[in-house]
Amino acid sequence: MLDRLQTLEDRYEKLNELLSDPEIVSDSNKLREYSKEQAGLEETVQVYREYKDTSEQLDEAKAMLEEDLDEEMKEMTKEEISELSEEKEKMEERLKILLIPKDPNDDKNVIMEVRGAAGGDEAALFAGDLYRMYSRYAEAHGWKTEVIEAHESEVGGYKEIIFMINGSGAFSKLKFENGAHRVQRVPQTESGGRIHTSTATVACLPEAEEVEVDINEKEIRVDTFASSGPGGQSVNTTMSAVRLTHEPTGIVASCQDEKSQIKNKEKAMKILRARIYEKFQQEEQAKYDENRKSAVGSGDRSERIRTYNFPQNRVTDHRIGLTIQKLDKILEGNLNEITEALILEEQTKALASIGE
């Protein structure tokens, strides 16, 4: 582990040199690439340097103990050794986690798709609750939420809503939301007071950059149509809505949120690129799974991942058996307790996998 950490520190220093090289500074692509790599190493290198400093202090304290000290000094030195040993041990555990191979998508923006599933009107209302929850969560992290396409339900909520969350590390936190979310509550329309169970599905896709997905413009069919959303001066009167079809894969993306056809096409292209990128990733994952079962599960969206029980103010994440009696706060966007538990589970499995 220490050899690997030293290699990373050497690379970090080399990147410092490269980023001050006039040739690199004048090349925007290399400058961006090296800056990103350096930023990714910064925390690990900083903790490694603190670890080396603590190890040096510990060795010095142990050496002092071998000297002819009075009892008071000896006790102080022993106390210092105990504190430094504990600190060193904590740093070792942190360094192990920092050395886990990072998901290359973690720092990306995300495109989220929330759809009402089983349960009719109540499912659409729940989809609206989930959208609001993610919006509040994004706001708390200083991220920006932008609706790309929305199909509202007559009773409120959404049959489907697609939105982007822009912010550093957004995917690293929200990627665990993929799956079927179940709600148990008395619907507003239910006079008998019976508890109903409904579901909504959530898909979280990393935004794909153009360099990651090579899309031939000639293979995309562009269809325009009149928007069908709520009334407005230009809605239903201009062909501003855009539907893009990637003919080799059959993947479709559309957008009618903007009045401008050009802006709708740009947004639809972001969705299309993310969906194609996800398809390629899934194909690669399928190949990998043939040789070795994935340590983190299939990620199949049909799996029920979480239940939101209103009568008991309870949320249960079935993947890790976590139950929290704070449904009201979680729906206000306070997802940190769940997210941190899921990240810890992912790290634990990754460490176990490395040890195999």
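Residues numbered from 1 in each chain as written. Predicted model: local features only at pLDDT ≥ 70, side-chain atom pairs only at ≥ 80, totals over all residues. Heavy atoms only, no water.

Identification of the protein as Peptide chain release factor 1 from Pontibacillus chungwhensis BH030062 is taken from an unreviewed UniProt entry. The UniProt entry for the protein carries this comment under Subcellular location (unreviewed entry): "Cytoplasm". Quoted straight from UniProt, the Sequence similarities (unreviewed entry) entry for the protein says "Belongs to the prokaryotic/mitochondrial release factor family." (UniProt positions renumbered as here; feature names shortened; annotations may be inferred.)

Let's shift gears to the pairing of strand β8 (residues 251–255). For β8, the buried fraction is high: 4 of the 5 residues fall into the buried class. Across 5 bridges, the pairing between strand β7 (residues 241–246) and β8 is antiparallel. Bridge pairing links Val-242 to Cys-255 in β8. (Buried < 20%, exposed > 50% of the residue type's maximum accessible area, 1.4 Å probe, protein only. Helix = DSSP H or I, 4+ residues; strand = E, 2+ residues; numbered from the N terminus. Pairing = 2+ DSSP bridges.)

Glancing now at the packing of helix α1 (residues 2–18) against helix α3 (residues 28–65). It is the contact of α1 with α3, at a shortest axis distance of 9 Å, that shows an interaxial angle of 130°. By the angle between their axes, α1 is oblique relative to α3. Both α1 and α3 take part in a crossing whose hand is left-handed. Seen from α1, the contacting residues are Leu-2, Leu-5, Gln-6, Leu-8, Glu-9, Arg-11, Tyr-12, Glu-13, Leu-15, Asn-16 and Leu-18; seen from α3, they are Tyr-34, Glu-37, Gln-38, Leu-41, Glu-42, Thr-44, Val-45, Tyr-48, Arg-49, Tyr-51 and Lys-52. Of the residues in the contact of α1 with α3, the class split is 11 nonpolar, 4 polar and 7 charged. (Axes fitted to C-alpha atoms, helices over the stretch in contact; angles between N-to-C directions. Parallel < 35°, antiparallel > 145°, perpendicular 65-115°, else oblique. Left-handed = near helix turned anticlockwise from the far one by under 90°. Contact = heavy atoms within 4.5 Å. Nonpolar A, V, L, I, M, F, W, Y, C, P; charged D, E, K, R; others polar.)

A few words now on the environment of Met-239. Within the element layout of this structure, Met-239 appears in the loop between β6 (220–225) and β7. For Met-239, a relative accessible area of 46% translates into the label partly exposed. Once residues within four sequence positions are removed from consideration, Met-239 is found in contact with Thr-224, Phe-225, Ala-226 and Gln-261.

In this structure the tally under the stated criterion is 24 salt bridges. Residue Glu-113 pairs with Arg-275 through a salt bridge whose shortest N-O separation is 2.9 Å. Taken together, the positions of Glu-113 in strand β1 (residues 110–116) and Arg-275 in helix α7 (residues 261–291) put the pair 162 residues apart, joining distant regions of the chain. Judged by relative accessible area, which is 5%, Glu-113 ranks as buried. We classify Arg-275 as buried; its relative accessible area is 17%. Across the pair Glu-332 and Arg-136 runs a salt bridge, and its minimum N-O distance is 2.4 Å. Linking Glu-332 in the loop between α8 (327–330) and α9 (336–355) with Arg-136 in helix α5 (residues 121–140), this pair joins segments that are 196 residues apart in sequence. Bridged by salt links that share partners, the residues Glu-9, Glu-13, Arg-49 and Lys-52 form one connected network. (Salt bridge = Lys/Arg side-chain N within 4 Å of Asp/Glu carboxyl O.)

On to the environment of Lys-270, then. Its location among the elements puts Lys-270 in helix α7. Here the alpha-carbon distance between Lys-270 and Ile-148, two residues 122 residues apart in the chain, equals 9.6 Å. If sequence neighbours within four positions are ignored, Lys-270 has contacts with Ile-111, Met-164 and Glu-207.

In the structure shown here, the tally under the stated rule is 4 aromatic pairs. Centroid distance Phe-126 to Tyr-308: 5.3 Å. Interplanar angle 70°. Geometry classified as edge-to-face. Here the residue Phe-126 occupies a position in helix α5, and Tyr-308 occupies one in strand β9 (residues 304–309), the gap between them amounting to 182 residues. Grouping residues by exposure puts Phe-126 and Tyr-308 together as buried. The ring of Phe-310 carries the charged tip of Arg-185 above its face, separated from the ring centre by 4.7 Å. (Phe/Tyr/Trp six-rings, centres within 6.5 Å; stacked < 30°, edge-to-face > 60°. Lys NZ or Arg CZ within 6 Å of the ring centre and 35° of its normal.)

On to the pairing of β1. Of all the 7 residues making up β1, 5 are buried; the element is thus mostly covered by neighbouring parts of the structure. Pairing of β1 with strand β3 (residues 158–166) involves 6 bridges; the strand directions are antiparallel. Paired with Val-114 across the bridge in β3 is Ile-161. Here 7 bridges tie β1 to strand β5 (residues 196–206), and the two strands are oriented antiparallel to one another. Pairing of Val-114 across the sheet is with Val-202, part of β5.

Below, the discussion takes up α3. Helix length check: α3, at 38 residues, gives a terminal C-alpha distance of 55 Å against a target of 56 Å (1.5 Å per residue), a fit within 8%. When the local axis directions of α3 are compared, the greatest deviation, roughly 40°, occurs at Glu-42. Residues of α3 that are buried include every one of Tyr-34, Gln-38, Leu-41, Thr-44, Val-45, Val-47, Tyr-48, Tyr-51, Thr-54, Ser-55, Leu-58 and Ala-61, and no others. Summarising the contacts, the buried residues of α3 are in contact with α1, α2 (22–25) and α4 (71–98). N-cap assignment for α3: the residue whose side-chain oxygen lies 3.2 Å from the backbone N of Asn-29 is Asp-27. (Expected span 1.5 Å × (residues − 1). Bend = angle between axes of the 7 residues up to and from the residue. Polar contact = N/O pair within 3.5 Å; in protein donor to acceptor, adjacent residues only side chain to side chain.)

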